[in-house]
Amino acid sequence: MGYRGAMNHGLPKLDRRQLLAAGAALAAAPLSYSLPVRGQRAPSDPVRLGVIGYGIRGRNLLKSSFLPNDGFRVTAVCDVDETRRLVGKALVDERYGDDACAVESEHGALIARDDVDAVVIATPDHWHTHQILDACAAGKDAYCEKPLTLTLRESQIVIDAVRKAGIVFQTGSQQRSEYEHRFVKAAEAVRAGRIGRVLSVHVGVGDAPVPCDLPTEEMEPGLDWDRWLGPAPMRGYNEILSPRGLHGHYPLWRKYREYAGGGLADMGAHHFDIAQWALEMDDSGPVKVVPPRDPSSKRGATLVYANGVRLIHGGPHGATFIGEDGMIAVDRGRISSIPGDILEWEPESEADRLPRNTGHAANWLDRIRDRGVPICSAEVGARSAAICHLMNIAYIHRQELDWDPVNWRFEGNDEANAWLDYERREGYGLPG
Ligand SMILES: NC(=O)C1=CN([C@@H]2O[C@H](COP(=O)(O)OP(=O)(O)OC[C@H]3O[C@@H](n4cnc5c(N)ncnc54)[C@H](OP(=O)(O)O)[C@@H]3O)[C@@H](O)[C@H]2O)C=CC1
Ligand SMILES: O=C1CO[C@H](CO)[C@@H](O)[C@@H]1O
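Here the structure is a predicted model, which is why all the values come from computation and not from measurement. (Residues numbered from 1 in each chain as written. Chains lettered and ligands numbered in written order. Predicted model: local features only at pLDDT ≥ 70, side-chain atom pairs only at ≥ 80, totals over all residues. Heavy atoms only, no water.)

Visitor: Give me the lowdown on the overall build of the protein chain, citing residues and values where you can.
Guide: Summing up its helical and strand segments, the protein chain has 13 helices and 14 strands in all. Its C-alpha atoms give the protein chain a radius of gyration of 23 Å, near enough to 22 Å, the size a compact globule of 432 residues would have. Summarising its shape, the C-alpha atoms of the protein chain cover approximately 75 × 60 × 50 Å along the three principal directions. Considering the protein chain as a whole, with its 432 residues, one finds that 54% of them fall into the buried category. For the protein chain, the share of sequence-separated contacts (at least 6 apart) that also reach a separation of at least 24 residues comes to 72%. A total of about 19,800 Å² of accessible surface is found on the protein chain, and carbon and sulfur atoms cover 53% of it. (Helix = DSSP H or I, 4+ residues; strand = E, 2+ residues; numbered from the N terminus. Rg over C-alpha atoms; globule rule 2.2 N^0.38 Å. Buried < 20%, exposed > 50% of the residue type's maximum accessible area, 1.4 Å probe, protein only. Contact = heavy atoms within 4.5 Å. Areas by Shrake-Rupley, 256 points an atom, 1.4 Å probe, with all protein chains shown as cover.)

Visitor: Could you give an account of the UniProt feature "domain: Gfo/Idh/MocA-like oxidoreductase bacterial type C-terminal" (unreviewed entry) in the protein chain, with specific residues and numbers?
Guide: Per the UniProt record, the feature "domain: Gfo/Idh/MocA-like oxidoreductase bacterial type C-terminal" (unreviewed entry) sits at residues 214–428. Within residues 214–428, the helical portion is 27% and the strand portion 17%, while the C-alpha atoms at the span's ends are 23 Å from each other. (UniProt positions renumbered as here; feature names shortened; annotations may be inferred.)

Visitor: I'd like to hear about the UniProt feature "domain: Gfo/Idh/MocA-like oxidoreductase N-terminal" (unreviewed entry) in the protein chain, residue by residue, with values.
Guide: As annotated by UniProt and renumbered to match this structure, "domain: Gfo/Idh/MocA-like oxidoreductase N-terminal" (unreviewed entry) occupies residues 48–172. A helix fraction of 48% and a strand fraction of 21% characterise residues 48–172, whose end C-alpha atoms lie 18 Å from each other.

Visitor: Summarise the packing of aromatic side chains; cite the residues concerned and give the values.
Guide: Enumeration according to the criterion identifies 12 aromatic pairs in this entry. Both rings, one in tyrosine 143 and one in tryptophan 364, keep their centres 5.7 Å apart while their planes meet at 65 degrees; by these two values the pair is edge-to-face. Of this pair, tyrosine 143 sits in strand 5 (residues 141–144) while tryptophan 364 sits in helix 11 (residues 360–370), placing them 221 residues apart in sequence. In this structure, tyrosine 143 and tryptophan 364 share a single accessibility class: buried. (Phe/Tyr/Trp six-rings, centres within 6.5 Å; stacked < 30°, edge-to-face > 60°.)

Visitor: An account of the side chain of asparagine 238 is requested, with residue identities and associated values reported.
Guide: For asparagine 238, the location among the structural elements is in the loop between helix 9 (225–229) and helix 10 (262–278). Of the polar contacts made by the side chain of asparagine 238, one reaches the backbone nitrogen of isoleucine 240; its length is 2.7 Å. Apart from the residues lying within four places of it in its own chain, the contact partners of asparagine 238 are Leu214, Pro215, Glu217 and Trp225. (Polar contact = N/O pair within 3.5 Å; in protein donor to acceptor, adjacent residues only side chain to side chain.)

Visitor: Help me get a handle on the site of ligand 1, residues and values and all.
Guide: Contacts to ligand 1 come from 34 residues, most closely from Asp79, Arg84, Asp125, Ser242 and Arg254. Between a nitrogen atom of ligand 1 and a main-chain N or O atom of valine 80, the distance comes to 3.4 Å. Lysine 146 is positioned such that a nitrogen or oxygen atom in its backbone is 2.9 Å from an oxygen atom of ligand 1. In the complex, the protein chains occlude 98% of the 890 Å² of accessible area that ligand 1 would expose alone. Of all the secondary-structure elements, those providing two or more residues to the shell around ligand 1 are helix 3 (56–66), helix 6 (125–138) and helix 9. Counting residues per element, the shell around ligand 1 draws most heavily on helix 6, which supplies 4 residues. (Near = heavy atom within 4 Å.)

Visitor: Talk me through the pairing of strand 12 (residues 334–338); I want residue IDs and the actual numbers.
Guide: Sheet topology note: the strand 11 (residues 326–331)/strand 12 ladder contains 5 bridges and is antiparallel. For aspartate 331, the partnering residue across the bridge sits in strand 12 and is arginine 334. In sequence, strand 11 turns back onto strand 12 through a hairpin of 2 residues. (Pairing = 2+ DSSP bridges.)

Visitor: Could you give an account of the packing of helix 6 against helix 7 (residues 152–165), with specific residues and numbers?
Guide: Axis separation between helix 6 and helix 7 bottoms out at 9 Å; the angle between their running directions is 15 degrees. The angle between helix 6 and helix 7 falls in the class roughly parallel. Helix-helix and strand crossings are classified by hand; for helix 6 and helix 7 the assignment is left-handed. Contacts between helix 6 and helix 7 involve Thr129, Ile132, Leu133 and Cys136 on the former and, on the latter, Glu154, Ile157, Val158, Ala161, Val162 and Ala165. Residues belonging to the contact of helix 6 with helix 7 are distributed by class as follows: 8 nonpolar, 1 polar and 1 charged. (Axes fitted to C-alpha atoms, helices over the stretch in contact; angles between N-to-C directions. Parallel < 35°, antiparallel > 145°, perpendicular 65-115°, else oblique. Left-handed = near helix turned anticlockwise from the far one by under 90°. Nonpolar A, V, L, I, M, F, W, Y, C, P; charged D, E, K, R; others polar.)

Next up, the structure:
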């Protein structure tokens, strides 16, 4: 087909008079008219999903959130490991009673598929930003696991890219939607001043990451190790990073700096996220980074907000809010307060209530349908991840730093601005 035909999109040829008449008719058409997106699909049709990364989280998300929800139809699964993508396909096909689920070994091919409207990204953290940027470039809505990014620079870039692409984006920080809304209740109460002026928030999560020093092991066939590494430095395979077979544990790539932010970011992405929400800092962040006084300490790093509130790494698991008039402690299975009646309260107006979603994936689906903003937008996720990165920088570099959450820079410290990102493998540069 020649160039002219390729641009014709199958429309009948019209002469100038017919074109003018068609233009006038369009101008008179109701403003609510919108062109069909991706074929002729109705808004109520199931959203066709492609899943990138079928590890423990990809599997659990499919089983608990996406396959049971008729608003989604999973059409393709991608994993760098052949066994895993085939097992993913089998799970999907069993659910729908057919053999239709496609498998892809490369996420770009999955994103480009015509039968994929939106993607779920459940790969290790070092891949998130690249896969989000590819979803943005294709204009496909995305749900990406936490921590949304691996570096501060990535956070800034992801916010910008998602905004420009106009995709409906949900970060997988499901504490804002699930766990019987305990975190919603805590955030609502802090925001309403139930503990008085907030003094500090203590977040009990794991350690900062360490450089990867694992020995090289022999690899099973069927794994594209080069793609597993992606932007991270080239190194040999090790089963700790990419366990063989269908494992039932959370792999420990989480511990290593090249791929993740340690235990601190792994659960910190959830609990710092709740702190940011309760402090109404979703579109901003702290302005100071303070390392612990003891240079060998693995707890005590502190971020200070412009209003003086201190966010401290350490304390009971979950998030503990200390205010002038009381405290609230919250984790997935518990919520408590001192005095005890702080939580026996309902917001006075609807404006003070935070949403009680039926589920985190369901919230994404609702917003895909009305093209609204999900509860954990890219900015929310990227800024909560940024808290983890700032905390980790406090442990790794042990310097007091001034942070500018608007311009994403350390103020007056060029050395620190070199820590905004890490050295990526060739071919994995970031835009800008
Ligand atoms: N919100 C929550 O509650 C939870 C969130 N998570 C998050 O989910 C993400 C995944 O974690 P988890 O499932 O534990 O990790 P896993 O290592 O179990 O799963 C990741 C999967 O992605 C595959 N993979 C790696 N690189 C690529 C790539 N470029 N393209 C496609 N597939 C790839 C891996 O392959 P291979 O088989 O070779 O390793 C693996 O199968 C993380 O960001 C984690 O923080 C995790 C648990 C719970
Ligand atoms: O919620 C979660 C449960 O634990 C996992 C392993 O630490 C985390 O990765 C995850 O985000």
